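Summary of the model geometry
Below are the chains, spelled out letter by letter.
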Amino acid sequence: MILVTGATGTVGRVLVDQLLEAGVPVRAATRRPDAAGLPAGVPVVRADLDDPDSLTPALDGVDAVFLLSTGPDLPRHDANVGKAAAAAGVGRIVKLSSGRTGDPAADDPIPAWHRAGEQAVRDSGVAWTMVRPLGFMTNALHWAPSIRRRDTVSAPYGQGRIAVVDPVDIAAVARHALIEPGHVGHTYTLSGPQALSPGEQTEILAEVLGRPLRYEETSPEQARAALLGFGVDAEMADAIMALRATALESFTSIVHPTVEEVTGRPARSFADWVRAHRDEFA
Ligand SMILES: NC(=O)c1ccc[n+]([C@@H]2O[C@H](COP(=O)([O-])OP(=O)(O)OC[C@H]3O[C@@H](n4cnc5c(N)ncnc54)[C@H](OP(=O)(O)O)[C@@H]3O)[C@@H](O)[C@H]2O)c1
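Residues numbered from 1 in each chain as written. Predicted model: local features only at pLDDT ≥ 70, side-chain atom pairs only at ≥ 80, totals over all residues. Heavy atoms only, no water.

Val4, Leu15, Phe66 and Leu190 are the most contacted members of the largest nonpolar core, which has 31 residues in total. Among the secondary structure elements, those contributing two or more residues to this core are strand S1 (2-4), helix H1 (10-21), strand S2 (26-30), strand S4 (64-67), strand S5 (92-96), helix H6 (167-179), strand S8 (187-190) and helix H10 (258-263). Among the elements that take part in this core, H6 stands out by supplying six residues, more than any other. Residue contacts for Phe66: discarding those within four places in its chain leaves Leu3, Val4, Thr5, Val11, Gly12, Leu15, Val94, Leu96, Ala174 and Leu178. (Core = buried A, V, L, I, M, F, W, Y, C linked by side-chain atoms within 4.5 Å. Buried < 20%, exposed > 50% of the residue type's maximum accessible area, 1.4 Å probe, protein only. Helix = DSSP H or I, 4+ residues; strand = E, 2+ residues; numbered from the N terminus. Contact = heavy atoms within 4.5 Å.)

The following block contains the structure:
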């Protein structure tokens, strides 16, 4: 039995589908089972990573855990899962971390939280695999409203390139790590096949969607204000903006062969991703 935490989120939801397709018994964790919207037939368990007591029943009979944690509390949440998993006799934890955790120069909050979370998982004594993706292709969904309204992508750091990765590929790497031998103790940094600036992503969006689109560079202050407008709290908005600024550094533009090495098929391109999400920009 695999327990998927973050099962209602971007990566976890795809992972649940992939495990179902592979015929692997899966249990989905969420804080709100009634609102989870998970596929019929998937056992859903209420678990809050902030509440250790909720983790014990969620982990009962579980062989491997996909650990998805987020925000400033994630080091404590990862420690909670590590301790509960060790007590439950879980065989392995596959933690979704962040690519820049592996950049020794990265001292902004998100890689720092994940470094502490990874350490808590290692300290738990449970066998582990770290999955460290660079930026998600799905972040481009934030541009969907302005594409729909004004045929425009507004984003800061126009000179920065990120080797964005499809969450379908992130989930696929996690799936292999959860169910196959040979992945314990590995740290997998994941990218897509190409580093792209927001302007280059705009060109690909325009080509696939079949209409002209414009890229306009916004200031970091405008981008931060937009995050606050989406309801993101100030601490998280600052952490996200510190991460976005690192698009200007070469680390985020490195293309890694890991998706193909682990899954046996090439990483999906941004054009593939846009084709799969065309309706969301229509
Ligand atoms: N976006 C990027 O470019 C990027 C790049 C690299 C790494 N990452 C990392 O990816 C992770 C985010 O992944 P995602 O985008 O797939 O997540 P997401 O879509 O933001 O979803 C967050 C998930 O976490 C669950 N959750 C939140 N707080 C929880 C708690 N206290 N207890 C239990 N579950 C909780 C939510 O479940 P419920 O609400 O149903 O409980 C939800 O399923 C973060 O660790 C981030 O640092 C992101």
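Before going further, it helps to examine the sheet that holds S2. In space, the seven strands of this open sheet follow the order S3-S2-S1-S4-S5-S6-S8, with parallel pairing throughout. Because the sheet does not close on itself, it has two edges, and the strands there are strand S3 (44-46) and S8. Each adjacent strand pair in this sheet contributes to an overall mean axis angle of 20°, direction not counted. In terms of strand pairing, S5 meets strand S6 (residues 127-133) through five bridges, oriented parallel. For Leu96, the partnering residue across the bridge sits in S6 and is Val131. Together, S1, S2, S4 and S5 form the strand contacts of H1, whose direction differs from that of S1 by roughly 155°. Contacts from helix H3 (residues 74-88) reach S4 and S5 within the one sheet, and its direction differs from that of S5 by about 165°. (Pairing = 2+ DSSP bridges. Axes fitted to C-alpha atoms, helices over the stretch in contact; angles between N-to-C directions.)

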